[in-house]
Amino acid sequence: MRLARGALLLGALWLGMAVAQERAAAAAAPTEQQLKAVFVFNFSHFVAWPPSAFASPTDPFVIGVLGNDAFAAQVEEAVHDERLDTHPLEVRRFARVDDIQDCRILYIDRSQQAALGRVLTLLDHRDTLTVSDLDDAAKRGIIIQLATEDNRIRLLINTESAHSAGLTISSNLLRLARVAHTGD
Amino acid sequence: MATGCKWKYFPLLLGLLGAARAPAAEDSSAINNLKQLDVQDLLNVEVTSVSRHAAPLAEAPSAIQVITAAQIRRSGATTLAAALQLADNLQVAQRGASGWSITARGFNTDLANKLLVMIDGRTVYTPLYSGVFWDAQDYLLEDIDRIEVISGPGGTLWGANAVNGVINIITKKAADTQGLYAEGGGGNETRGIAGLRFGGSTPQVNYRVYGKYLDFDDSALPDGSPAGDAWHRGQAGFRMDAPDSTLGAWTLQGDYYSNHEHSPTGTSVLGGENLLGRWSREHGEDSGFSLQVYYDRTTLSLPVAPLTIAGLVLSPPGTLHDELQTFDVDFQHRLQLGGINALTWGLGFRDTHDALDNAPAVAFVPDRLDQQLYSAFLQDEIQLAAQLALTVGSKVEHNDYTGYEFEPSVRLQWQVAPAHTLWSAVSRAVRAPSRIDRDLQEGPAPYLSILHGSSDFRSENLLAYELGYRASVGESFTSALSTFYNVYKDVRSTAITPATVIPFYFQNGVQGHTWGAEWTGTLQLTDDWSLRAGYVLLQEKLHVKPGYFDLSNARNETADPQQQASLHSSLDLPGGVAVDLGLRWVDTLRNSDAQQVGTVPAYMDLDARLAWRASRNLELSLDGANLLHDQHPEYGFPSPQRTEIERSVYAKLVWRQ
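Residues numbered from 1 in each chain as written. Chains lettered and ligands numbered in written order. Predicted model: local features only at pLDDT ≥ 70, side-chain atom pairs only at ≥ 80, totals over all residues.

Colleague: I would appreciate a short explanation of the overall build of chain A in the present structure.
Modeller: A count of helical and extended segments in chain A gives 6 helices and 10 strands. Among the 184 residues that make up chain A, the fraction classed as buried is 40%. Relative to all contacts within chain A whose residues are 6 or more apart in sequence, the contacts with residues 24 or more apart total 60%. (Helix = DSSP H or I, 4+ residues; strand = E, 2+ residues; numbered from the N terminus. Buried ≥ 20, exposed ≤ 12 C-beta atoms within 10 Å, placed from the backbone. Contact = placed C-beta atoms within 7 Å.)

Now the structure itself:
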């Protein structure tokens, strides 16, 4: 009797959940892109740009995304209505290297591997924080590399590149990252 | 965490989502939720869409459940054993202040012996009786990454003792435990808890050091008086990881601990230390190897009561001292072969040195024993078709008691739809004899004991048939059902000596079968509220083999509940408040003492936790366990000395920086 009840209960639970599964799909574990977009937004708070990076206090703080419009949309979501001090945050999409305009953060999608060398030459000493999810990005001179390990995001920071771009990275961020060196 | 604004939309969502999903709205709220987290937390967020082994749990072809770091933190558990209550596919009973009986798929005896338990790859069951001293196994719970609990045999990969289940406790990488963590608190039963960890890094190496201290009050006797089993323990350790050295990744870690446990017969002292090194290297996504070496020393000092029959002292009281040293090497290699074969093979060697100072009433002979265990395994996962995989393999093991043991398995996995997996398996597993089965005796003459090991005790063995289904629908609902039919042979029995009756001695006189089912489901109702439910059904039919005798008539091995159920709720409220509730119901447990039969009554109990994140760094919590009763028993034959578990409440303060 006890067992029959148990088996019934088990069946009912299973069926009940099968019905519930049709209905419920609210809430979501984040996708990799969403998580990376929030990281890019957060970097604006952990890096100090020299005053020369902005022409006026009302200049927008531009985040550029090279080669991935879907990701740019996620970053837009993350920076919506946000400011950095007096600067409103703004996202711009660049399809090709030649489209790149002046920006404070430039995200280079992993699809742009072949263009990386040109991007770095172009940006030399331009007060721009470069971020990429390319493998070996930090070793190749990108300031912050977003690596995915064990389903989690890891930060690799090239402090030499940051220094030569005139940027100061907060120790609170450095503490959580691995330090990488150009060419190692 | 996030605001509760989704609440008002919830009924609407439920209606809408039956037919179509509304990804835009959800995605933006996922981003807004992520923006509430600081960078340290962001680094710990697990993402769902990764190329390698995406959604592994939804496709796992076994009865595996994973306890996550968040579940452990939100459970209010203070010890590893208590955290295992979160696994719906385990039977967990607290025996007293420090004692726990934990098993999967039954056989939760006083000397429960059919689980393989590992912490970061280090085996922690004792060869004295093939069971686990749960009071000696702990960690700073904040630094545990996850606990994988597999019910069902795992002998093909893990070898002897992985009969009814495997528990893999995996600690976080040092990179994930950077910075300062400090906790402190106390209450009526958990009188004191203190933990401290610091993690740092150099360009090549991440590291952490930690310490933990626990102090527990007595459990209670049935009349409400203290049982005299208060205890305290301390543990400290470290872990160093070099994830990207030129030769691959390496890890070095170690722990030290010491327990002092009171009892009416005296104070037990348990202690130990271990040191483990692992070197691994990946070659692309599908191949790689790891080499692991560890040393473990475990010491016990147990007071042994005198043996008295009808007022006559046959053996005086004494103390059993045991020092066990283990040296273990394990090598594993994965490779792809011909496109459809994912091959894993490995070699293992273990050397144990056991040194005892025997007590008059309990002795192991010989008192110094060196044993060697050699093992090799090969497993091939063959992709028969895009949606169909067959895994075949076997472990071959050689132990000093029974020689060669084979533990083959065949497993079929059918991907019915993305994230819908039907699986089935047939496996053989063995429990090799432990020292108690073979070497248990009394001290030197003229002492007597009533229970002996037996030199012809063989391995117990299991043939298991399993069928399961697991599904993940959307990102909010998962469900897994596992069913099993287990056939056991040569299970331990207790025979009597002709004419003199005592000493009793062990034989392989019991056999039979068990069957049952385990179900678990999780449902993310809103961004801020999730539910988890579990149910276990277990039926055990064991009997004494013809021509054999068992003192408890095959009842000793089956002191298990026929059913158990659980329901957990995790809710985040505005203002950084988190509310967690865990309800569990356990059916009547039928046990025995020699020929007598008794029960532990069925019970329902509730754990609850209220936490408030006061600032980025500071969290306050109020934790309660077993709240529905002043006290209740979970294990043991009825007697005035049976210990009962009391309602426990404690407050805790956590600082993360």
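Colleague: Please explain the overall build of chain B as it appears in this structure.
Modeller: When its secondary structure is counted, chain B shows 8 helices and 38 strands. Relative to a compact globule of 657 residues, whose C-alpha radius of gyration would be 26 Å, chain B shows 25 Å and is just as compact. The principal-axis extents of the C-alpha atoms in chain B amount to approximately 80 × 60 × 50 Å. Pairs at least 24 residues apart make up 61% of the contacts formed inside chain B by residues separated by at least 6 positions. (Rg over C-alpha atoms; globule rule 2.2 N^0.38 Å.)

Colleague: Sorry if this is basic, but what is going on with the nonpolar core here?
Modeller: In summary, soluble globular proteins display a tendency toward joint burial of nonpolar side chains. With 64 residues, the main nonpolar core has A83(B), L84(B), I102(B) and V149(B) as its most contacted residues. Residues within four places of V149(B) in sequence aside, it is in contact with I64(B), Q65(B), I67(B), A87(B), N89(B), L90(B), G165(B) and I167(B). F43(A), F61(A), L66(A) and L42(B) belong to the second largest nonpolar core, which has 51 residues in total. (Core = buried A, V, L, I, M, F, W, Y, C linked by C-beta atoms within 7 Å.)

Colleague: It is not clear to me how the sheet that holds strand β5 (residues 122-123) of chain B should be interpreted in this structure. Could you clarify?
Modeller: Backbone hydrogen bonds hold the strands of a sheet together, and the pairing may be parallel or antiparallel. Residue and element names in this part refer to chain B. Spatially, 5 strands are ordered β1-β6-β7-β4-β5 in an open sheet, and the strand pairing comes out mixed. Every other strand in the sheet has two partners, leaving β1 (63-68) and β5 as the edge strands with one partner each. Summarising the sheet, strand β4 (residues 115-119) and β5 pair through 2 bridges and their orientation is antiparallel. Its bridge partner lying in β5, I119 is registered against R122. (Pairing = 2+ DSSP bridges.)

Colleague: Would you mind showing me how to read helix α2 (residues 32-46) of chain A here?
Modeller: In an α-helix there are 3.6 residues to a turn, and that puts residues three or four apart on one side. When the terminal C-alpha atoms of α2(A) are compared, their 21 Å separation across 15 residues agrees well with the 21 Å that a helix rising 1.5 Å per residue should span. Those residues of α2(A) lying buried are E32(A), Q34(A), L35(A), K36(A), A37(A), V38(A), F39(A), V40(A), F41(A) and F43(A). (Expected span 1.5 Å × (residues − 1).)

Colleague: Please explain the pairing of strand β28 (residues 501-526) of chain B as it appears in this structure.
Modeller: Side-chain positions along a regular strand alternate between the two faces of the sheet. All names here are of chain B. Relative to β28, strand β25 (residues 451-452) is paired through 2 bridges, and the arrangement is parallel. Across the sheet, the residue bridging to L451 is F504, located in β28. Taken together, the 17 bridges between strand β27 (residues 477-497) and β28 define a ladder with antiparallel strand orientation. Among the inter-strand pairings, V491 is bridged to a residue of β28, identified as V510.

Colleague: Which parts of the structure should I look at to understand the environment of S219(B)?
Modeller: Residues and elements named next belong to chain B. Note that S219 resides in the loop between β10 (206-216) and β11 (231-245). Classification of S219 by C-beta neighbours within 10 Å gives buried; the count is 24. Separated by 425 residues in sequence, S219 and E644 have C-alpha atoms that sit 6.0 Å apart. If we ignore the near neighbours within four places in the chain, the residues touching S219 are G96, A97, A227, D229, T643, E644, I645 and E646.

Colleague: For this particular structure, what's the right way to read helix α3 (residues 69-79) of chain A?
Modeller: Listed as buried for α3(A) are F71(A), A72(A), Q74(A), V75(A), E77(A), A78(A) and V79(A). Where α3(A) terminates, the next one or two residues include D81(A), which has phi positive at roughly 65°.

Colleague: Help me understand the pairing of strand β2 (residues 61-66) of chain A in this model?
Modeller: Residue and element names in this part refer to chain A. For β2, the buried fraction is high: 5 of the 6 residues fall into the buried class. Bridge count between β2 and strand β5 (residues 105-108): 4 bridges; the pairing is parallel. Residue G64 lies in a different strand from β5, and its bridge partner there is L106.

Colleague: How do you make sense of unusual backbone geometry when you look at a structure like this?
Modeller: Negative phi characterises most residues that are not glycine, and trans characterises most peptide bonds. All names here are of chain B. In the segment running from V365 into P366, the intervening peptide bond is cis, with an omega of 5°. Within the fold, P366 resides in the loop between β19 (363-364) and β20 (368-385). One non-glycine residue, R105, adopts positive backbone phi at about 55°. Examined against the element boundaries, R105 turns out to sit in the loop between β3 (100-103) and β4. We note that A554 has phi near 70°; this positive angle belongs to a residue other than glycine. Within the secondary structure, A554 is located in the loop between β29 (529-544) and β30 (563-573).

Colleague: Looking at this structure, I do not really get the domain arrangement of chain B. What am I missing?
Modeller: Interface extent is often summarised as the accessible area lost during association of the parts. Each assigned domain of chain B is listed here: domain 1 (1-46) and domain 2 (72-161 + 174-363 + 375-656). Taking the mean C-alpha position of each, domain 1 of chain B and domain 2 of chain B sit 36 Å from one another. (Domains from an automatic or database assignment.)

Colleague: Got a minute to help me understand the packing of α2(A) against α3(A) in this structure?
Modeller: Angle between the axes and distance between the axes are the two parameters that describe a pair of packed helices. Residues and elements named next belong to chain A. Contact geometry of α2 with α3 gives a least axis separation of 8 Å together with a crossing angle of 55°. Between α2 and α3, the angle is such that the two are oblique. Relative to α3, α2 is oriented so that their crossing is right-handed. Listed contacts from α3 to Q33, Q34, A37, V38, V40 and F41 of α2 are F71, Q74, V75, E77, A78 and V79. Per-class residue counts for the contact of α2 with α3 are 8 nonpolar, 3 polar and 1 charged. (Axes fitted to C-alpha atoms, helices over the stretch in contact; angles between N-to-C directions. Parallel < 35°, antiparallel > 145°, perpendicular 65-115°, else oblique. Left-handed = near helix turned anticlockwise from the far one by under 90°. Nonpolar A, V, L, I, M, F, W, Y, C, P; charged D, E, K, R; others polar.)

Colleague: Would you mind going over the confidence of the model for chain A with me for this structure?
Modeller: One rule of thumb: low pLDDT means the predicted coordinates there are not for detailed reading. Overall, the prediction assigns chain A a mean pLDDT of 80, with 83% of residues at 70 or greater. In the predicted structure, residues 6-28 of chain A sits below a pLDDT of 50 and forms 49 contacts with residues beyond four places in sequence or in another chain. (pLDDT = per-residue confidence, 0-100.)

Colleague: Sorry if this is basic, but what is going on with the sheet that holds strand β3 (residues 83-84) of chain A here?
Modeller: Residues and elements named next belong to chain A. Strand order in the open sheet made by the 8 strands is β3-β4-β2-β5-β6-β7-β8-β10, with mixed pairing throughout. The strands lining the two open edges of the sheet, one partner per strand, are β3 and β10 (178-180). Sheet topology places β2 next to strand β4 (residues 87-94); 6 bridges connect them, and they run parallel. For L66, the partnering residue across the bridge sits in β4 and is F94.

Colleague: How should the environment of Q631(B) be read in this particular structure?
Modeller: Residue and element names in this part refer to chain B. Topologically, Q631 is positioned in strand β36 (residues 631-632). Look at Q631 and you get partly exposed, because 15 C-beta atoms sit within 10 Å. Ignoring sequence-local partners within four residues, the contact set of Q631 consists of A220, E644, I645 and E646.

Colleague: Looking at this structure, how should I read the confidence of the model for chain B?
Modeller: Residues and elements named next belong to chain B. Across chain B, pLDDT averages 88, with 93% of residues at or above 70. In the model, residues 1-28 has pLDDT below 50 throughout and makes 38 contacts with residues more than four positions away in sequence or in other chains. Overall fold confidence (pTM) sits at 0.76, and the ipTM for the predicted complex is 0.79.

Colleague: How do you make sense of the environment of A419(B) when you look at a structure like this?
Modeller: Mapped onto the secondary structure, A419(B) falls in the loop between β22 (403-417) and β23 (420-431). With 54 residues separating them in the primary sequence, A419(B) and V473(B) have C-alpha atoms 7.4 Å apart.

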